[in-house]
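Chain by chain, the residues run as shown.
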Amino acid sequence: MEPQTLDVHVAPFAELDTRTFHDLLRLRIDVFVVEQHCPYPELDGRDVEPGTRHLWLAHDGVVRAYLRLLADPGGVVRIGRVVVAPAARGGGLAGRLMTEALRLAGDRPCVLEAQAHLAGFYAGHGFTVTGPEYVEDGIPHLPMRRSGADGAKY
């Protein structure tokens, strides 16, 4: 399956049907909680905020990759929960989602908390490390930031 054959979806929580939200959460839990052995409160309340946008790639109704955009104070966009299904990894899906997320963020600055081993991936999208490495849920992370660029806004 080529990345371009996947449909890109963007929606606020209020526009997600229950099956889609279930499938998005299942992917997040399967990877972050089960695969990465991190028991943490996946439902943090931010999914339902009015400024949150859910982005995902699906093929034949099956979610292959996901991320969410959060509206942080000061007009900052927070990118989080970037995840690709194990069977779909290596096909450029995370990069495709990041490109779409940054297009939607437009000229606003973006921040994220990167798993340290993925800092190079995010650097390729214009992010720079803004602080020291820290451990969250047993996984090393780095705070990263990208200055805004021209483009559409969500």
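Because the structure is predicted, anything quoted here is derived from the model rather than measured. (Residues numbered from 1 in each chain as written. Predicted model: local features only at pLDDT ≥ 70, side-chain atom pairs only at ≥ 80, totals over all residues. Heavy atoms only, no water.)

With that settled, consider the pairing of strand β3 (residues 62-72). On any regular strand, side chains alternate: one points to one face of the sheet, the next to the other face. β3 sits mainly inside the fold: 9 of its 11 residues count as buried. Both strand β2 (residues 53-59) and β3 contribute to a ladder of 7 bridges, which runs antiparallel. Each bridged residue has a counterpart across the sheet, and for A58 the counterpart in β3 is V63. What sits between the antiparallel neighbours β2 and β3 is a turn of 2 residues, in which D60 has the positive phi angle 50°. With 7 bridges connecting them, β3 and strand β4 (residues 76-84) associate as antiparallel partners. Across the sheet, the residue bridging to R68 is G80, located in β4. Counted between consecutive antiparallel strands, the loop separating β3 from β4 contains 3 residues, among which G74 sits at a positive phi close to 75°. (Buried < 20%, exposed > 50% of the residue type's maximum accessible area, 1.4 Å probe, protein only. Helix = DSSP H or I, 4+ residues; strand = E, 2+ residues; numbered from the N terminus. Pairing = 2+ DSSP bridges.)

With 94% of its residues at a pLDDT of 70 or more, the protein shows a mean pLDDT of 91. Mean pLDDT across the elements of the protein bottoms out in strand β1 (residues 7-11) (92) and peaks in strand β6 (residues 128-129) (98). (pLDDT = per-residue confidence, 0-100.)

Backbone geometry places H37, a non-glycine residue, at a positive phi of 55°. Structurally, H37 can be placed in the loop between α1 (18-35) and β2. Look at H37 and you get exposed, because its relative accessible area is 67%. The backbone of D60 shows a phi angle near 50°, a positive value even though the residue is not glycine. Looking at where D60 falls in the secondary structure, it is placed in the loop between β2 and β3.

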